Amino acid sequence: NTTGGFSVIMKQGSGSQITVTSGYSANIFCDGIGSTASVFLTTPKIRNTALSIGTVDGTAALTVNNNTVAVTPVATSDVHIVGANSSAARVLLDGFASGSIVTGRYANGTSAAPTACTTGNALAAFSARGYGATAYSDTVGIVRISSEGTFTDSSQPTNITLWTTPSGSTTAVERVHVSPSGRIGVGIDTPAASALLDLTSTTGALLLTRMTSTQRDALTAVNGMLIYNSTTNKLQVYENSAWVNVI
């Protein structure tokens, strides 16, 4: 078709290779199991560096847009999914007889010559951004997995951190740190070596579980449990198979 476009319908078992040249567009339909289609794009009219699916073209390597307008992605986005107005943009993974996994990988160097991870490399993260008065913010919430040492094939220590942004700010701050040995720091990124849980704050205190004597007695208690008894208004610990007042 020399007027600028054509459509191809491929039936079951058929195969074809189509080249779209300058100024042309193509619609391709594969009908039935076993049909295949290969499309080679020769000009930026339909970019050979990006693919758009949906109602509006995008600028990421792959754009799936269910909205009626183009939305600018983060500059480094490879995949951009845009939901319809008032509808969540959703990614669904189905697994059968096995779970679904999302994995991020990291290496220093290049894809042709990767090198070992070193301390502080962000291996993978889930982050969030929100729209302010005029634009989207930078990252304001993060769950991050980072390397904590130089990786070898037999030793690859990591930590997990949780970041939030306080009111009046747009800068995320690390709140919770899980070390390679499983020690947890809240308000501190280097939990003490002998502490399983290290709480650090000058503005907040540890608030224990509060319950009545009846609720306490319904527990399957083990030695070392600590509660605040709201019936007796006493701090209590389970010691030698009995609840006793700390003071």
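Now for a description of the structure that goes with this document. (Residues numbered from 1 in each chain as written. Predicted model: local features only at pLDDT ≥ 70, side-chain atom pairs only at ≥ 80, totals over all residues. Heavy atoms only, no water.)

Details of unusual backbone geometry
Next up, step 1: Despite not being glycine, Ser86 has its phi angle at roughly 60°, a positive value.
Next up, step 2: You will see that Asn240, though not glycine, has its phi angle at about 55°, which is positive.
Next up, step 3: In this structure, Asn240 sits in the loop between strand E18 (234-239) and strand E19 (242-245).
Next up, step 4: Taking relative accessible area as the criterion, Asn240 reaches 67% and is therefore assigned exposed. (Helix = DSSP H or I, 4+ residues; strand = E, 2+ residues; numbered from the N terminus. Buried < 20%, exposed > 50% of the residue type's maximum accessible area, 1.4 Å probe, protein only.)

A short note on the layout of surface pockets
Next up, step 1: A volume near 1200 Å³ is recorded for the largest pocket.
Next up, step 2: Val74, Ser77, Val79, Phe126 and Ser127 are the residues nearest the centre of the largest pocket, which is lined by 25 residues in total.
Next up, step 3: Mapped onto the lining of the largest pocket, the elements with two or more residues apiece are strand E7 (79-82), strand E10 (122-128) and strand E11 (141-147).
Next up, step 4: Residue classes in the lining of the largest pocket are distributed as 14 nonpolar, 9 polar and 2 charged. (1 Å grid on protein atoms, 1.4 Å probe; cavity = no way out; pocket = protein on both sides within 12 Å on 5 of 7 lines; lining within 4 Å. Points joined across faces, edges and corners; volume = space filled by probe spheres on them. Nonpolar A, V, L, I, M, F, W, Y, C, P; charged D, E, K, R; others polar.)

Remarks on the packing of aromatic side chains
Next up, step 1: A full pass over the atoms with the stated rule returns 2 aromatic pairs.
Next up, step 2: Note on Tyr238 and Trp243: the rings are 5.1 Å apart at their centroids and 65° apart in plane angle, and the pair reads as edge-to-face. An identical accessibility class is assigned to Tyr238 and Trp243; each is buried.
Next up, step 3: The ring of Trp163 is capped by Arg144, whose NZ or CZ atom sits 4.9 Å from the centre of that ring. (Phe/Tyr/Trp six-rings, centres within 6.5 Å; stacked < 30°, edge-to-face > 60°. Lys NZ or Arg CZ within 6 Å of the ring centre and 35° of its normal.)

Regarding the sheet that holds E11
Next up, step 1: Reading across from one edge, E10-E11-E12-E13-E14-E15 is the order of the 6 strands in this open sheet, with mixed pairing throughout. Edge positions in the sheet fall to E10 and strand E15 (197-199), since each of these pairs with one other strand and no more. Across the sheet, the axes of successive neighbouring strands diverge by a mean angle of 20°, strand direction being ignored.
Next up, step 2: In this sheet, strand E13 (residues 173-178) lies alongside strand E12 (residues 158-164) in antiparallel orientation, the contact comprising 5 bridges. (Pairing = 2+ DSSP bridges. Axes fitted to C-alpha atoms, helices over the stretch in contact; angles between N-to-C directions.)

Observations regarding the sheet that holds strand E16 (residues 210-211)
Next up, step 1: On the basis of which strands lie adjacent, the open sheet formed by 4 strands has the order E16-E17-E18-E19 and mixed pairing. The outermost strands of the open sheet, each flanked by one partner alone, are E16 and E19.
Next up, step 2: Pairing of E16 with strand E17 (residues 226-229) involves 2 bridges; the strand directions are parallel. Within E17, the position partnered with Arg210 by the bridge is Tyr228.

Description of the pairing of E11
Next up, step 1: Across 6 bridges, E10 lies against E11 in antiparallel orientation. Bridge pairing in E11 places Ala124 opposite Ile145.
Next up, step 2: In terms of strand pairing, E11 meets E12 through 6 bridges, oriented antiparallel. Across the sheet, residue Ile145 finds its bridge partner in E12, namely Ile160.

Some remarks on a nonpolar patch on the surface
Next up, step 1: Where nonpolar side chains cluster on the molecular surface, the patch consists of Ile184, Val186, Leu196, Leu197, Leu199 and Leu206 and spans about 550 Å² of accessible area.
Next up, step 2: If you trace the backbone, Leu197 turns up in strand E15. (Patch = residues over 30% accessible without salt bridge, like charges linked within 9 Å, V, L, I, M, F, W, Y side chains within 5 Å. Areas by Shrake-Rupley, 256 points an atom, 1.4 Å probe, with all protein chains shown as cover. Salt bridge = Lys/Arg side-chain N within 4 Å of Asp/Glu carboxyl O.)

Details of the environment of Ala195
Next up, step 1: Mapped onto the fold, Ala195 is located in the loop between strand E14 (184-186) and E15.
Next up, step 2: As a C-alpha pair, Ala195 and Arg183 span 12 residues in sequence and 6.7 Å in three-dimensional space.

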